[in-house]
Amino acid sequence: MNPWRSRFTVIDWGGSEIEGYPIFDLVRFSLSFQLSSSRLQTEVVRHCRVLQCETIDAVSYVLAALGHIANNLGHFPLDRFSQMTNSCSLTIQGAVN
């Protein structure tokens, strides 16, 4: 067993999966905690190194996550999804440009 699993817990929405979209989670975290663009940019670069992708690919990760959520809205209100889509798109664009 990995030692961090006994100390670290993430509570996510009902449709969460183990194989998720870490860049999307990072963007949502940054919005929730109001991280600066420069701090988010630093973290995006770090995440992309781990994921072995180019920084610009972070935009694709976020869009893929939003597409996945759009296909599984369930009880997620459409107006809130639209707001989240706009804020996440603008945030990741600002972090990679």
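A. Main features of helix 1 (residues 22-32). Listed in full, the buried residues belonging to helix 1 are Ile23, Phe24, Leu26, Val27 and Ser30. The arc enclosing the buried residues of helix 1, seen along the axis, measures out at 160 degrees, which places them on a common side. Looking at the buried side of helix 1, the elements it contacts are helix 2 (37-51), helix 3 (57-70) and helix 4 (78-96). Backbone geometry just downstream of helix 1 places Gln34 in the positive-phi region, at approximately 50 degrees.

B. Broad picture of the pattern of salt bridges. Evaluation of the coordinates by the stated rule reveals two salt bridges. In this structure, the salt-bridge partner of Glu43 is Arg39, at a minimum N-O distance of 3.1 Å. Placement of both Glu43 and Arg39 in helix 2 is noted, with a separation of four residues, approximately one turn of the helix. On the basis of relative accessible area, Glu43 is assigned to the buried category, the value being 13%. Judged by relative accessible area, Arg39 falls into the partly exposed class, the value being 41%. Two residues, Arg46 and Glu43, come together in a salt bridge whose shortest N-O distance is 3.0 Å. Placement of the pair is Arg46 and Glu43 together in helix 2, with a separation of three residues, close to one helical turn. We classify Arg46 as partly exposed; its relative accessible area is 42%.

What counts, and at which threshold
- Residues numbered from 1 in each chain as written.
- Predicted model: local features only at pLDDT ≥ 70, side-chain atom pairs only at ≥ 80, totals over all residues.
- Heavy atoms only, no water.
- Buried < 20%, exposed > 50% of the residue type's maximum accessible area, 1.4 Å probe, protein only.
- Helix = DSSP H or I, 4+ residues; strand = E, 2+ residues; numbered from the N terminus.
- Arc of directions from axis to C-beta.
- Contact = heavy atoms within 4.5 Å.
- Salt bridge = Lys/Arg side-chain N within 4 Å of Asp/Glu carboxyl O.

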